[in-house]
Amino acid sequence: MILSEKNFPNRHIIGTGCKVGVLTQEKKMPSRKELRGKGDTDELSVVFPHKLFQEYAAALHVADLFKSNPEKYDELMDSVISPDM
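Predicted, not measured: the structure shown is a model, and the values here were computed from it.

## Quick notes on the layout of surface pockets
Inference 1: Roughly 300 Å³ of volume is contained in the largest pocket.
Inference 2: Every residue along the wall of the largest pocket is listed here: V22, F48, F53, Q54, Y56, A57, A58, L60 and H61.

See the structure below:
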């Protein structure tokens, strides 16, 4: 999954994610069309290495939340899991 750096309102999250190995950053190489056109071509892309890794990291976070903050965990699960299921 590749996202623009602009998708992250808190830029320090990107740095932290890169330090722990959850994210990588790469500089986008603009196409010829982008170079001729108007707009910002000097943009960094934020890359999640693999979808399974994302799911694993999310599972670790949820498991930690279950232990450290059960109220927040319940709130999160209520927003994710519909009572109609």
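## Notes on the packing of aromatic side chains
Inference 1: Per the stated rule, a full pass over the model turns up one aromatic pair.
Inference 2: Relative to Y73, the ring of F66 has its centre 5.0 Å away and its plane inclined at 80 degrees; by these criteria the two rings are edge-to-face.

## Examining the sheet that holds strand 2 (residues 24–27)
Sheet strands line up and pair through hydrogen bonds in the backbone, either parallel or antiparallel.
Inference 1: Spatial strand order, 1-3-2: three strands in an open sheet with antiparallel pairing. Sheet topology places strand 1 (2–4) and strand 2 at the edges, where each strand pairs with a single neighbour. Between one strand and the next, the sheet's axes are offset by a mean angle of 35 degrees, whatever the strand orientation.
Inference 2: Strand direction decides the pairing type here: strand 2 and strand 3 (residues 44–47), joined by four bridges, are antiparallel. From the neighbouring strand, T24 faces strand 3, where its bridge partner is V47.

## Description of the nonpolar core
A general trend in soluble globular proteins is that nonpolar side chains are found buried together.
Inference 1: Grouped together as the largest cluster of nonpolar side chains are five residues: F8, I14, L23, V46 and F48.
Inference 2: Filtering out sequence-adjacent residues up to four positions away, F8 remains in contact with L3, I13, I14 and V46.

## Concerning the pattern of salt bridges
Inference 1: Throughout the structure, instances matching the rule amount to one salt bridge.
Inference 2: Close ionic contact of K72 with E75 constitutes a salt bridge, the shortest N to O distance being 3.7 Å. Here E75 and K72 lie together in helix 4 (residues 70–80), a separation of three residues that amounts to about one turn.
Inference 3: Judged by its relative accessible area of 40%, K72 falls in the partly exposed class.

How each quantity is defined
- Residues take numbers from 1 onward in each chain, read along the sequence in its written order.
- Thresholds applied to this predicted model are a pLDDT of at least 70 for local features of residues and 80 or more for the giving and counting of side-chain atom pairs; totals over whole chains, interfaces and linings are not thresholded and use all residues.
- Only hydrogens and water are set aside when side-chain values are computed; all heavy atoms of the structure are taken into account.
- Method remark: on a 1 Å grid restricted to protein atoms, a set of points is classed as a cavity if a 1.4 Å probe fits but cannot get out and as a pocket if it is open with protein on both sides within 12 Å along at least five of seven lines; lining residues have an atom within 4 Å of a point.
- Grid points are joined across faces, edges and corners, and a volume is the space filled by probe spheres set on the points.
- Here the aromatic set is Phe, Tyr and Trp, taking the six-membered ring for Trp, and pairing holds for ring centres within 6.5 Å; pairs whose planes are under 30 degrees apart are stacked, those over 60 apart are edge-to-face, and all others are tilted.
- DSSP calls a pair of strands paired once it identifies at least 2 bridges connecting them.
- The secondary structure listing takes helices from DSSP runs of H or I that are at least 4 residues long and strands from runs of E that are at least 2 residues long, numbered from the N terminus.
- Every angle, taken between N-to-C directions, lies between 0 and 180 degrees, and every axis is a line fitted to C-alpha atoms, over only the stretch in contact when it is a helix.
- Buried residues of nine kinds, namely Ala, Val, Leu, Ile, Met, Phe, Trp, Tyr and Cys, make up a nonpolar core once their side-chain atoms join them within 4.5 Å.
- For every residue, the accessible area obtained with a 1.4 Å probe (protein chains only) is divided by the maximum for its type, and the residue is called buried under 20%, exposed over 50%, and partly exposed between those limits.
- Two residues form a contact once any of their heavy atoms are found within 4.5 Å.
- A pair is scored as a salt bridge if a Lys or Arg side-chain nitrogen falls within 4 Å of a carboxyl oxygen belonging to Asp or Glu.

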